[in-house]
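Chain residues, written in single-letter form:
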Amino acid sequence: MKKITIAIDGFSSCGKSTMAKDLAKEIGYIYIDSGAMYRAVTLYSLQQGIFGADGIDEVRLQQEMEQIHISFQLNATTGRPDTYLNGVNVEQQIRTMEVSSHVSPIAALPFVREAMVKQQQEMGKAKGIVMDGRDIGTTVFPDAELKIFVTASPEIRAQRRYDELKAKGEQANLQEILENVKQRDYIDQHRETSPLRKADDALLLDNSQLTIAEQKEWLYQQFNRLTQSDC
Ligand code: DC
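Residues numbered from 1 in each chain as written. Predicted model: local features only at pLDDT ≥ 70, side-chain atom pairs only at ≥ 80, totals over all residues. Heavy atoms only, no water.

A word on the sheet that holds strand 9 (residues 146-151)
Taken together, five strands build an open sheet; the order of strands is 2-8-1-9-10 and the sheet is parallel. The sheet terminates laterally at strand 2 (30-33) and strand 10 (203-206), the two strands that pair on one side only. Strand-to-strand twist of the sheet, defined as the mean angle between neighbouring strand axes without regard to direction, takes the value 20°. Of the pairings in the sheet, the one linking strand 2 to strand 8 (residues 129-133) comprises four bridges and is parallel in character. Opposite Asp33, over in strand 8, you have Asp132 as the bridge partner. On the sheet, helix 1 (residues 16-27) packs against strand 1 (5-10), strand 2, strand 8, strand 9 and strand 10 and is oriented at approximately 175° with respect to strand 8. Against the sheet, helix 2 (residues 34-47) contacts strand 2 and strand 8, and its axis sits at roughly 40° relative to strand 2. (Pairing = 2+ DSSP bridges. Helix = DSSP H or I, 4+ residues; strand = E, 2+ residues; numbered from the N terminus. Axes fitted to C-alpha atoms, helices over the stretch in contact; angles between N-to-C directions. Contact = heavy atoms within 4.5 Å.)

The structure is reproduced here in structure tokens:
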């Protein structure tokens with residue numbers, strides 16, 4: 001069967017990654033979490049002191065972009081790809097609140113986006129890929145055959161993120177997470193380069209009231225409908 005490109009965009013913490021990962025596994029496609037790439041650049045910036053009292057040292061970050069190598073390797077235990085920053089597995093570190101609360105301004109920098117988009121397009125050249133993020137259907141793969149835009153209310157997303165952090169044994173404050181979710185929504189939607197928006201030809205999925213199993217089933221149906229009608 002001919003392989004296609006699947007772009008899944010939407011707001012933060014609305015379960016995009018879970019549904020994208022599950023679909024990729026089920027249909028034997030590569031899964032790329034583009035948000036993990038922006039998180040890895042953020043972690044690098046935190047580790048290297050690029051965040052200072054005056055904000056981000058953009059000149060330095062731009063100079064060091066070529067030294068930031070991000071890759072993914074399948075974790076045999078979870079069956080899902082882990083993110084590597086310069087050869088080190090940073091899958092856990094990029095999910096902390098510290099990274100979450102610093103990532104939006106990094107993801108808004110045009111030179112960071114340019115570098116990430118280039119790598120993402122390279123990864124998707126052979127198709128057979130499910131990529132999730134904010135600008136996949138609009139900028140990275142505007143010709144993707146299947147585009148989904150996922151949303152859910154900020155309160156529900158904050159609760160999900162809270163439950164996730166608690167389950168990992170991390171400290172979490174629901175109000176703080178809700179503020180972070182709202183702030184990230186605002187920055188993601190209002191940045192100059194590739195703001196978060198639904199591509200005109202994307203299907204809208206509001207999963208506020210759906211279980212993970214229900215949204216997984218819905219996505220699988222969209223894939224089947226498209227690939228079977230194409231045959
Ligand atoms: O999906 P996430 O929460 O892991 O994404 C982390 C941040 O990266 C978020 O602030 C939005 C940004 N991002 C982006 O700007 N473009 C993408 N394609 C993916 C994520």
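Structural notes on the site of the ligand
The immediate surroundings of the ligand are formed by 15 residues, with Arg39, Arg113, Asp135, Arg184 and Arg191 found nearest. One nitrogen or oxygen atom from the side chain of Ser34 is found 2.9 Å from a nitrogen atom belonging to the ligand. The separation between an oxygen atom of the ligand and a polar side-chain atom of Arg134 is 2.9 Å. When the ligand sits alone it has 440 Å² of accessible area, and the protein chains cover 96% of it. Of all elements in the fold, only helix 2, helix 5 (103-107) and helix 9 (174-190) reach the threshold of two or more residues within the shell around the ligand. (Near = heavy atom within 4 Å. Polar contact = N/O pair within 3.5 Å; in protein donor to acceptor, adjacent residues only side chain to side chain. Areas by Shrake-Rupley, 256 points an atom, 1.4 Å probe, with all protein chains shown as cover.)

A closer look at the packing of helix 8 (residues 154-167) against helix 9
Remark: helix 8 packs on helix 9, axes separated minimally by 9 Å, with the N-to-C direction vectors making an angle of 125°. It follows that helix 8 is oblique to helix 9 by the angle criterion. Handedness of the helix 8/helix 9 crossing: right-handed. Counting all contacts with helix 8, which are made through Pro154, Glu155, Arg157, Ala158, Gln159, Arg161, Tyr162 and Leu165, the residues of helix 9 involved are Leu174, Ile177, Leu178, Val181, Lys182 and Asp185. A breakdown of the residues in the contact of helix 8 with helix 9 according to their chemical character gives eight nonpolar, one polar and five charged. (Parallel < 35°, antiparallel > 145°, perpendicular 65-115°, else oblique. Left-handed = near helix turned anticlockwise from the far one by under 90°. Nonpolar A, V, L, I, M, F, W, Y, C, P; charged D, E, K, R; others polar.)

A few points about the sheet that holds strand 5 (residues 70-75)
In any sheet, the strands associate via hydrogen bonds between backbone groups, in a parallel or an antiparallel arrangement. Pairing is antiparallel in the open sheet, where three strands are placed in the order 5-6-7. On the outer flanks of this sheet lie strand 5 and strand 7 (88-89), each paired with one strand and no other. The strands that helix 2 touches are strand 5 and strand 6 (80-85); relative to strand 6, the one it contacts most, it runs at about 30°.

Concerning unusual backbone geometry
With a phi angle near 45°, Asn86 is a residue other than glycine that sits in the positive phi range. With respect to the helices and strands, the residue Asn86 is situated in the loop between strand 6 and strand 7. Unusually for a residue other than glycine, Lys127 sits at a positive phi of about 60°. Here Lys127 shows up in the loop between helix 6 (110-123) and strand 8.

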